[in-house]
Amino acid sequence: MSSRRKFIRNVSLTAASAALIPSITKADKKRRVEQLLAEGGIVLSTWKHGLNANVKAVEILNNGGRPVDAAQQGVMVVESDPTNTSVGLAGYPDRDGHVTLDACLMDEFGNAGSVTFLEGIEHPVSVARLVMDKTPHVMLSGEGALQFALLNGFTQRKGLSPQAKQAYAEWLKTSSYKPTGEAKDHDTIGLILRDSRGNFSGACTTSGLAFKMHGRVGDSPIIGAGLFVDSEVGTATATGVGEAVIKICGSHLIVELMRLGISPQRACEEAVKRISIKQKNYKDIQVGFLALNKAGEVGAFSIQPGFQYALAKEGKNDLMDAASLLTVGKN
Ligand code: GLY
């Protein structure tokens, strides 16, 4: 805390004691928690839909919620958005017409939960949370994940949204499949945060690449690929073509680079560079990374230009443009 801030706080404490205020009002408490967030809480998430997710996450933190609650409830906003075609039940289907969902989260203690290939559940991230809290496992998949969700009170809702139905009918005309990870056919929500005490958490959820093969699972539910959290160091998340992210354990790589003292920005750049070395077709795909470290520094980098992220910090929630490896696409 800066000495000026300490001074202001000391002055106001002295003033409060002098005035002998008997109790703290609810509004005072709220203001104090908001101040706590302003003093160190940071939330960042992928793409424009992250703006709404951040608002919810900040609200949970401001109300004294755990970082993992904030991450979970933040991404739930996007899972419930009926206009979002790449997260939640309104997502585009796979090539067989099924919307299959992947999600994971990690808490401030390094606990993790994940579900993959889950059909018809509005909040896969909440099922992942239950996997973390109620089972000895990290990951449940497909039928087993669904059975677990239903046993725990979730309800199943199948079918395609009108927009997804139309896009699928259009796709069936050619059935051509060439995943690019561009925002138009893919935009996972990965949300990572640090609370004012320096604890980290994150969540990541997606319906995966549009028109993927039935059974395909991307990076988003894979701990270390789509998301990694270590409260001793920081956190990272990914968006884009999951296969490229899985092959370099992207989010884990970034956190481990940060552990060595590398800044979040340079760590994200290194992960993208690693993909560009290992992945022959990297110029044809999009991958974006976000990272946050103990010092509150933020990193964001992608292969292609156009990757945006939402950053909530010091009372503001802004949409930011990430720097990229290629500057005008495919150069
Ligand atoms: N990044 C999400 C996916 O590839 O499914």
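See the structure above.
The sections below set out a description of the structure shown in this document. Since the model is a prediction, treat every value here as computed from it, not as a measurement. (Residues numbered from 1 in each chain as written. Predicted model: local features only at pLDDT ≥ 70, side-chain atom pairs only at ≥ 80, totals over all residues. Heavy atoms only, no water.)

## Examining the side chain of Asn84
By the secondary structure assignment, Asn84 is in the loop between helix H4 (67-79) and strand S2 (100-106). Here the side chain of Asn84 touches His49 through a polar contact of 2.9 Å, side chain to side chain. In this view, Asn84 contacts His49, Val78, Ala90, Gly91 and Asp187; residues no more than four positions away in its chain are not counted. (Helix = DSSP H or I, 4+ residues; strand = E, 2+ residues; numbered from the N terminus. Polar contact = N/O pair within 3.5 Å; in protein donor to acceptor, adjacent residues only side chain to side chain. Contact = heavy atoms within 4.5 Å.)

## Structural notes on the nonpolar core
In terms of nonpolar packing, the biggest core is built from 45 residues, with Leu44, Ile254, Ile275, Val287, Phe289 and Ile303 touching the most fellow members. Ignoring sequence-local partners within four residues, the contact set of Leu44 consists of Asn54, Gly190, Leu191, Ile192, Leu290, Ala291, Leu292, Val298, Gly299, Tyr309, Ala310 and Leu311. Counting residues in hydrophobic clusters, the runner-up holds 33 residues, among them Ile60, Ala71, Val115 and Leu130. (Core = buried A, V, L, I, M, F, W, Y, C linked by side-chain atoms within 4.5 Å. Buried < 20%, exposed > 50% of the residue type's maximum accessible area, 1.4 Å probe, protein only.)

## Side note on the environment of Leu292
For Leu292, the position within the fold is in strand S9 (residues 287-293). With a relative accessible area of 0%, Leu292 lands in the buried category. Along the sequence, Leu292 and Phe200 sit 92 residues apart, while their C-alpha atoms lie 8.9 Å from each other.

## Considerations on the site of the ligand
For the ligand, the set of nearby residues contains 11 residues, the closest of which are Thr188, Arg216, Asp219, Gly240 and Gly242. Here Gly240 contributes a backbone N or O atom positioned 2.7 Å from a nitrogen atom of the ligand. At 2.9 Å, a backbone N or O of Gly242 approaches an oxygen atom of the ligand. In the complex, the protein chains occlude 100% of the 200 Å² of accessible area that the ligand would expose alone. In terms of residue class, the shell around the ligand is built from 2 nonpolar, 7 polar and 2 charged. (Near = heavy atom within 4 Å. Areas by Shrake-Rupley, 256 points an atom, 1.4 Å probe, with all protein chains shown as cover. Nonpolar A, V, L, I, M, F, W, Y, C, P; charged D, E, K, R; others polar.)

## Quick word on the sheet that holds strand S7 (residues 227-230)
Strand-to-strand pairing in sheets goes through backbone hydrogen bonds, with the strands running parallel or antiparallel. Read from one edge to the other, the open sheet built from 5 strands follows the order S7-S8-S9-S10-S13, with strand pairing classed as mixed. Only two strands of the sheet have a single neighbouring strand rather than two, namely S7 and strand S13 (323-324). Sheet strands touched by helix H9 (residues 250-259): S7, strand S8 (234-240) and S9. Its angle to S8, the strand with the most contacts, is close to 145°. In the packing of helix H10 (residues 264-278) onto the sheet, contacts are made with S9 and strand S10 (298-302), and the angle to S10 comes to roughly 20°. (Pairing = 2+ DSSP bridges. Axes fitted to C-alpha atoms, helices over the stretch in contact; angles between N-to-C directions.)

## Quick word on the pairing of strand S11 (residues 308-313)
For strand S1 (residues 42-46) and S11, the ladder comprises 5 bridges, and the chain directions are antiparallel. Note on S11: the bridge partner recorded for Val43 is Ala312. Note that S11 and strand S12 (residues 316-321) share 6 bridges and pair antiparallel. Residue pairing for S12: Ala312 is matched across the bridge by Asn317. Between S11 and S12, which pair antiparallel in sequence order, lie 2 residues; one of them, Glu314, sits at a positive phi of approximately 50°.

## Things to note about unusual backbone geometry
For Ser175, which is not a glycine, the phi torsion comes out positive at approximately 55°. For Ser175, the position within the fold is in the loop between helix H7 (162-172) and strand S5 (189-194). In the Ramachandran plot, Glu314 falls in the positive-phi region, its phi being about 50° despite a non-glycine side chain. Here Glu314 is to be found in the loop between S11 and S12.

## Let's talk about the packing of helix H5 (residues 124-134) against helix H6 (residues 142-151)
Between H5 and H6, the shortest axis-to-axis distance is 10 Å and the interhelical angle comes to 85°. As far as their axial angle goes, H6 and H5 are roughly perpendicular. Contacts from Val127, Leu130 and Val131 in H5 reach Ala145, Phe148 and Ala149 in H6. Taken together, the residues of the contact of H5 with H6 break down into 6 nonpolar, no polar and no charged. (Parallel < 35°, antiparallel > 145°, perpendicular 65-115°, else oblique.)

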